[in-house]
Structures are given as structure tokens and as C-alpha cells.
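The lines below spell out each chain.
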Amino acid sequence: MPNMSTDKPSPWTILDLVKWTTGYFRDHQIENARSEVEILLAYTLKTRRIDLYLNHDQPLCAAELKRYKSLIKRRLGGEPVAYITGTREFWSLALTVNSSVLIPRPDTECLVEAVLPFLDEHPGTTKRVLEMGTGSGAITIALAHEHPEHRYVAMDRSATAVRTARQNARTHRLDHCIDWFCGNWNAALMPGRETFDLIVSNPPYIRSRDINGLQPEIRDYEPRMALDGDGDGLRCIRHIIESAHRYLRTGGMIALEMGCDQAADIVRIADAEGHYGPPRIIKDYSGNDRVALMAKKGLRHKINFVK
């Protein structure tokens, strides 16, 4: 990268660096260049993004410039900003992230929005919610933040992910309503003994052959086991649909994040399984199919799906 010399005739100010690095990132086809620059510079200076502009003429010392330059090199090498800073915001909640967990994305907030009407029903009744593959804990923590009166169980096969999620819950003072365990999908559950009102999951759903075509920051840094859905991308989704009815109460619901081209396959799998009513497909903010909702047959009250 060009030399960000500390011998510049006048000191590098915050605004100088925002402008220079934004242009440099754009030259290297980094999306959301300005936003990422602001995040990295605020992280360097241990301040808020808004303070960059309140103190735009503040010069950086040599040590700060050196630290900032090292972060730029990491980002140019493909490392995601969230892993560099160790944090990502989801549902307006700051979450710790690391290379053992997927970086939470805005599209997954659609899954949270889709199930809130179900959790809103029958105030005063405590519902039991299971998340399969919790990762950073983003989904369960967001739901518990909105409905701390319910009881949550969150699992992941990565022990590091479970530790990360639990720490995030503690940070937001929600650990009291969430139970955590390490296990592979429903391996630690007993049919008929663990009965839930809602099962949610953002499972791996990318086709194995498509992994290498992903953006480098995803392909090379995010955990492959949280991305790879096998040959057709449906292995984990199929497993959840085929087994979840054993752990759901009558009228209980499954909510799954999915790939934008998988709706027809999910409807087919659910119909073949025979334990669920017709799936409802919810679109994300870009208009792509993103969430599948399905209720276990024998529904005794109406579920108000989000529109």
C-alpha cells in the first residue's frame, strides 16, 4: 500500500485519513468503503464513529498511525472488519464475534422479525424456544431482548461458539433466560422430553460447490461448517424439517433462514414430511426469499405470520 508517512509536512488528521483510506479502499473494490474506514479508525482511536467528525481536525500520533496502518493491511488481505474489531451490531445490540462464528448479517434480522408475532401471542404465557446452531447467539439474544419472559435453549456443535454466545448474553444481561449446550443439531435432545413452541435456525445452506465462489472475506475467514449445506445446500435444512416435529408442541412452529432459491425445495421437503401445514415464505429487505415458517399440524389457534 502507498506509504502513509509520518513525515507528512502537516500531521495526518482524522479527516485526512477518512478521505485517503476511503479512496484507497474503493480503488481495491472494497464495498462500503467509507463505513469500514470509519469503523477501523474509531476502533484505532477507541472512540465512537460520530466523534471522528466532532474531532475531525485531531492529528494522530505516530503510534496511532502505525496501529491504523496495520488494520488497513489486514482488511486489504481480506479479513472482515468484524473479525478485526471483534464486534458486530445485530438488532441494535453489540455482539462479540470471532473466527468460530458467522458474522451476523442484516438479512438474518428478517428471521427475528418473522417470529416476533408468534412470541407476542397470549401474553402471560411462557413459551419455550430452541435455536439450533446459535453461533454468536445473535438470534436467541435478539428474541430474548424483545421477550425476556420466555425460556430459550441455544445449541451449537462448536464449544467456542457456545462460549462466545453465552458471553454476549451476559453482556446484555440475558443469560438468566437462556440455557446453552454444545451438541450437533438434536443429538442431545430426547423426543417427547424436550417440547418447544418454536424452533429457529440459520443453518448452513450454501451448496458445497459454491463456497469457493464466495467473497474472499467469507470464503477464507468465516467458519466453513457454518456455511456448507452439502451438495444441494439442503442437508441441514432437511434434517431439521424431518426431525423437528418430535420436539414441537402441536401448533409449534419452525422458522428457518434459507437461500434465495431454496423455497420450492423447502416446500417440497415439508410436504413430503407430512407433519406441517403449508410453509409460509418471507422475503428479506432486498425482495429475496429468506425465511420459511411452518407450523406443526394440529394447530389450535391462529398464528399471525408477519406480512
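All values reported here derive from a predicted model rather than from experimental measurement.

Criteria and cut-off values
Residues numbered from 1 in each chain as written. Predicted model: local features only at pLDDT ≥ 70, side-chain atom pairs only at ≥ 80, totals over all residues. Heavy atoms only, no water. Helix = DSSP H or I, 4+ residues; strand = E, 2+ residues; numbered from the N terminus. Polar contact = N/O pair within 3.5 Å; in protein donor to acceptor, adjacent residues only side chain to side chain. Core = buried A, V, L, I, M, F, W, Y, C linked by side-chain atoms within 4.5 Å. Buried < 20%, exposed > 50% of the residue type's maximum accessible area, 1.4 Å probe, protein only. Contact = heavy atoms within 4.5 Å. 1 Å grid on protein atoms, 1.4 Å probe; cavity = no way out; pocket = protein on both sides within 12 Å on 5 of 7 lines; lining within 4 Å. Points joined across faces, edges and corners; volume = space filled by probe spheres on them. Pairing = 2+ DSSP bridges. Axes fitted to C-alpha atoms, helices over the stretch in contact; angles between N-to-C directions. Parallel < 35°, antiparallel > 145°, perpendicular 65-115°, else oblique. Left-handed = near helix turned anticlockwise from the far one by under 90°.

(A) Quick look at the environment of Asp261. Inspection of the secondary structure assignment puts Asp261 in the loop between β7 (248–257) and α11 (263–273). Put simply, Asp261 and His145 are 116 residues apart on the chain and 31 Å apart in space, counted from C-alpha to C-alpha. Separated by 3.1 Å, the side chains of Asp261 and Arg207 make a polar contact.

(B) Structural context of the nonpolar core. Core analysis: the biggest nonpolar cluster contains 35 residues, and Val112, Val115, Leu143, Tyr152, Ile178, Leu198 and Leu293 have the highest contact counts within it. Top element by residues in this core is helix α6 (residues 106–120). It accounts for 8 residues. When neighbours within four sequence positions are excluded, Val115 is seen to be in contact with Leu143, Leu198, Val200, Met253, Ala255 and Leu293. Counting 33 residues, the second-largest nonpolar core is a separate cluster that includes Phe181, Tyr205, Leu234 and Ile269.

(C) Broad picture of the environment of Ser136. Assignment of secondary structure puts Ser136 in the loop between β3 (128–132) and α7 (138–146). For Ser136, a relative accessible area of 3% gives the class buried. Residue contacts for Ser136: discarding those within four places in its chain leaves Leu95, Thr96, Val97, Val101, Leu102, Pro104, Ile141, Thr164, Ala165 and Asn168. A polar contact of 3.5 Å, which involves the side chain of Ser136, links it to the backbone nitrogen of Ala138.

(D) Structural detail: the layout of surface pockets. Considering only enclosed or pocket space, the second largest pocket measures out at about 150 Å³ in volume. Forming the walls of the second largest pocket are Tyr205, Ile206, Arg207, Asp210, Leu214, Gly259, Cys260, Asp261, Gln262 and Arg290.

(E) Molecular detail of α7. Most of α7 is tucked away: 7 of the 9 residues are buried. Turning to α7, its buried residues are Ala138, Ile139, Thr140, Ile141, Ala142, Leu143 and Ala144.

(F) Highlighting the pairing of strand β2 (residues 93–96). Residues Leu93 and Leu95 of β2 are buried on one face, while the alternating residues Ala94 and Thr96, pointing to the opposite face, are not. The antiparallel hairpin formed by strand β1 (residues 87–90) and β2 contains 2 residues in its connecting segment, where Trp91 sits at a positive phi of about 55°.

(G) Quick look at the packing of helix α1 (residues 14–27) against helix α4 (residues 62–76). In contact at an axis separation of 12 Å, α1 and α4 are set at 20° when each is read in the N-to-C sense. Of the possible angle classes, the one that applies to α1 and α4 is roughly parallel. Both α1 and α4 take part in a crossing whose hand is right-handed. Taken together, the residues of α4 that come into contact with α1 (itself represented by Leu17, Trp20, Thr21, Tyr24 and Phe25) are Leu65, Tyr68, Ile72, Arg75 and Leu76.

(H) Focus on the side chain of Asp156. As for its position among the elements, Asp156 is in strand β4 (residues 151–156). Polar side-chain contacts of Asp156 include one of 3.3 Å to the backbone nitrogen of Thr134. One polar contact links the side chain of Asp156 to the main-chain amide nitrogen of Ser158, over a distance of 2.9 Å. Not counting residues within four places of it along the chain, the set of residues in contact with Asp156 comprises Gly133, Thr134, Gly135, Ala161, Val162, Phe181, Cys182 and Gly183.

(I) Representation of the sheet that holds strand β6 (residues 196–201) in the model. Across the sheet, 7 strands lie side by side as β5-β4-β3-β6-β7-β9-β8; this open sheet has mixed pairing. At either margin of the open sheet sits one strand with a lone partner, and together these are β5 (178–182) and β8 (280–283). Pairwise comparison of adjacent strand axes, ignoring direction, gives a mean angle of 20° for this sheet. In this sheet, β5 lies alongside β4 in parallel orientation, the contact comprising 5 bridges. Paired with Asp156 across the bridge in β5 is Cys182.

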